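Tertiary structure, described
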Amino acid sequence: MVSRASDILEMIFERATSSSIFINREVLRPDYIPDELPHREEQIARLGSILAPALQGARPSNVFIYGLTGTGKTAVTKFVLKKLKQKALQLGVNVISCYVNVRQDDTTYRVILRLSECLGLRLPFTGLSTAEAYRRFIEALDAKSAIFISVLDEIDFLVRKQGDELLYRLTRGNEELAHSKITVVGITNDIKLVENLDPRVRSSLGEVEIVFPPYNAVQLEDILRQRAKLAFRPGVLGEGVIQLCAALAAREHGDARRALDLLRVAGEIAEREGSSKVLLEHVYKARMEIERDRVSEVVQTLPLHGKLILYSILSITRGQGSATTGEVYNYYRALCRRLGIESVTQRRASDIISELDMLGVINARIVSRGRYGKTRIISLAAPYEAIEAALLEDPRIRLLALPRH
Ligand SMILES: Nc1ncnc2c1ncn2[C@@H]1O[C@H](COP(=O)(O)OP(=O)(O)OP(=O)(O)O)[C@@H](O)[C@H]1O
Ligand SMILES: [Mg+2]
């Protein structure tokens, strides 16, 4: 027994340390920054030429970058910053760049904290007012006599939570600086945000705008091929695997992250199954696995009433394919009665349905029913099994799923 157990372990460890599929799977992860970014030459040149004046001590224009998710905004920006920093070092000019992802640091205070860190200034985590923190940041910046390029990535998270006050102040920061200059690069994938920004912020942030269009299938193939060379052992990718990953991702709005995820997970599945090659079937399995993870992540974060409404939609659409808002609300109220809890109002339920739509687990389409007003026709936007499995992770939902007597 003992020797069998250690044999098994030996095999597991051996497998974990040597892969017959990958040379380096890390290069397929989303945070890896490749040295080559095919099909983004135009955006790289554009951003590079906007920021280049910094090398002569002049303030570059503020830049507003937008485009759908996975179109290379973060990768291109980090790449250009890295090169700019190298050049500045060579030339001996004082350029400081600071990248902050405001999805991770999603309060005004924390963003100021991060920006200060880039100057070597450590502010306390609490205890200062935002205004005081900002004042100290500006003071430290001015003392540097530098060109400060601040990149705020995923700004929609900050703006939604805290408004656009900080963006406004930073874009006007130069009025408070005597020796340094500040440039703001704002990045978002939320096109709606662009329209909703305060026009003053929009005009000062968007001195220059760069749009990142989605990739098409052929472009995604190039991106995948270049990364696959570094990631996989020669010859392990089966016929058509790259094309399939690219085609599937192109169908969903040309997202390079999705394409790379598919390729990585397909490789991992092939490895797990002990296959010596990555085949088309592994890509299809990968798609299912990714979808299941995505749905499970979304569903887990839903409050109970969100889950109950989703469960109602699931139950009704199972029989008839789609559901109306009214049907869902009635079903949901019955579930609440069974659980002995109070239901939310129809209006709130309607908001929850919109949120589920935004999260991509359902589709809710508004249709007019003549003099009966408008209703929404709701259908699932993810596989039934994936949603069901995710909901059943909640014990309260499991209770409802038990057959009634
Ligand atoms: N042209 C490209 N060449 C090589 N890799 C790319 C290219 N464009 C994107 N990628 C890769 O695709 C993934 C997603 O890109 P990135 O993170 O830059 O997207 P994004 O536009 O910032 O998306 P989001 O809006 O979701 O933040 C990364 O792993 C990135 O390296
Ligand atoms: Mg990004």
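Residues numbered from 1 in each chain as written. Chains lettered and ligands numbered in written order. Predicted model: local features only at pLDDT ≥ 70, side-chain atom pairs only at ≥ 80, totals over all residues. Heavy atoms only, no water.

The subject of this paragraph is the overall build of the chain. The secondary structure content of the chain amounts to 18 helices and 8 strands. Each of the three principal axes of the chain carries a C-alpha extent, and together these read 75 × 60 × 50 Å. Among the 405 residues that make up the chain, the fraction classed as buried is 46%. Across the chain, every contact between residues at least 6 apart in sequence was considered, and the portion connecting residues at least 24 apart equals 71%. Summed over its atoms, the accessible surface of the chain is roughly 21000 Å², and 51% of this surface lies on carbon and sulfur atoms. Computed over 57 positive and 50 negative side-chain charges, the inter-centroid distance for the chain is 3 Å. (Helix = DSSP H or I, 4+ residues; strand = E, 2+ residues; numbered from the N terminus. Buried < 20%, exposed > 50% of the residue type's maximum accessible area, 1.4 Å probe, protein only. Contact = heavy atoms within 4.5 Å. Areas by Shrake-Rupley, 256 points an atom, 1.4 Å probe, with all protein chains shown as cover. Lys, Arg positive; Asp, Glu negative; His and termini not counted. Charge placed at Lys NZ, Arg CZ, Asp CG, Glu CD.)

Burial within strand β3 (residues 147-153) is extensive, with 7 of its 7 residues counted as buried. Side chains of β3 alternate between two faces, with Ile-147, Ile-149, Val-151 and Asp-153 and Phe-148, Ser-150 and Leu-152 buried alike. Bridging between β3 and strand β4 (residues 181-188) involves 6 bridges; their strand directions are parallel. Of the residues in β4, the one forming a bridge with Leu-152 is Gly-186. (Pairing = 2+ DSSP bridges.)

Turning our eyes to something else, we now look at the environment of Glu-327. Take Glu-327: it is sitting in helix α15 (residues 325-339). Residue Glu-327 is classed as partly exposed on the basis of its relative accessible area of 33%. For Glu-327 and Ser-312, which are 15 residues apart along the polypeptide, the C-alpha to C-alpha distance reads 8.7 Å. Looking at Glu-327, its side chain comes within polar contact range of the side chain of Gln-320, at 3.3 Å. (Polar contact = N/O pair within 3.5 Å; in protein donor to acceptor, adjacent residues only side chain to side chain.)

This paragraph deals with the site of ligand 1. Not every one of the 24 residues close to ligand 1 is listed here, only the nearest: Pro-38, Thr-69, Lys-73, Thr-74 and Tyr-215. At a separation of 3.2 Å, an oxygen atom of ligand 1 approaches a polar backbone atom of Pro-30. Note that an oxygen atom of ligand 1 is positioned 2.9 Å from one of the backbone N or O atoms of Gly-70. In the complex, the protein chains occlude 97% of the 630 Å² of accessible area that ligand 1 would expose alone. Taken together, the elements giving at least two residues each to the shell around ligand 1 come down to α3 (73-91), α10 (217-231) and α12 (256-272). Here the shell around ligand 1 is built from residues that sort into 10 nonpolar, 7 polar and 7 charged. The residues that make up the shell around ligand 1 include at least three from each of domain 1 (2-29 + 215-297) and domain 2 (41-212). (Near = heavy atom within 4 Å. Nonpolar A, V, L, I, M, F, W, Y, C, P; charged D, E, K, R; others polar. Domains from an automatic or database assignment.)

This part is about the environment of Leu-220. Positionally, Leu-220 belongs in helix α10. For Leu-220, a relative accessible area of 1% corresponds to the buried category. Sequence separation between Leu-220 and His-39 is 181 residues, and the spatial gap between their C-alpha atoms is 9.1 Å.

Further remarks concern the nonpolar core. Core analysis: the largest hydrophobic core is formed by 36 residues, its most contacted members being Val-111, Leu-115, Phe-137, Phe-148, Leu-152, Leu-167 and Leu-170. Not counting the four nearest positions on each side in its chain, Leu-167 is found in contact with Leu-152, Ile-155, Val-159, Val-184, Leu-197, Val-201 and Leu-205. Ile-313, Cys-336, Ile-387 and Ile-397 belong to the second-largest nonpolar core, a separate cluster that totals 35 residues. (Core = buried A, V, L, I, M, F, W, Y, C linked by side-chain atoms within 4.5 Å.)

Turning to the state of the cysteines, a few remarks are in order. One pass over the full model with this rule turns up 1 disulfide. Each disulfide pairs two cysteine sulfurs, and for Cys-98 the partner residue is Cys-118, the sulfurs being separated by 2.0 Å. Taking the sign of the S-S torsion, about 70° here, the bridge from Cys-98 to Cys-118 comes out right-handed. You can see Cys-98 sitting in strand β2 (residues 95-101) and its partner Cys-118 sitting in helix α4 (residues 108-118), a full 20 residues away along the chain. For Cys-118, a relative accessible area of 32% puts it in the partly exposed group. (Disulfide = S-S within 2.5 Å.)

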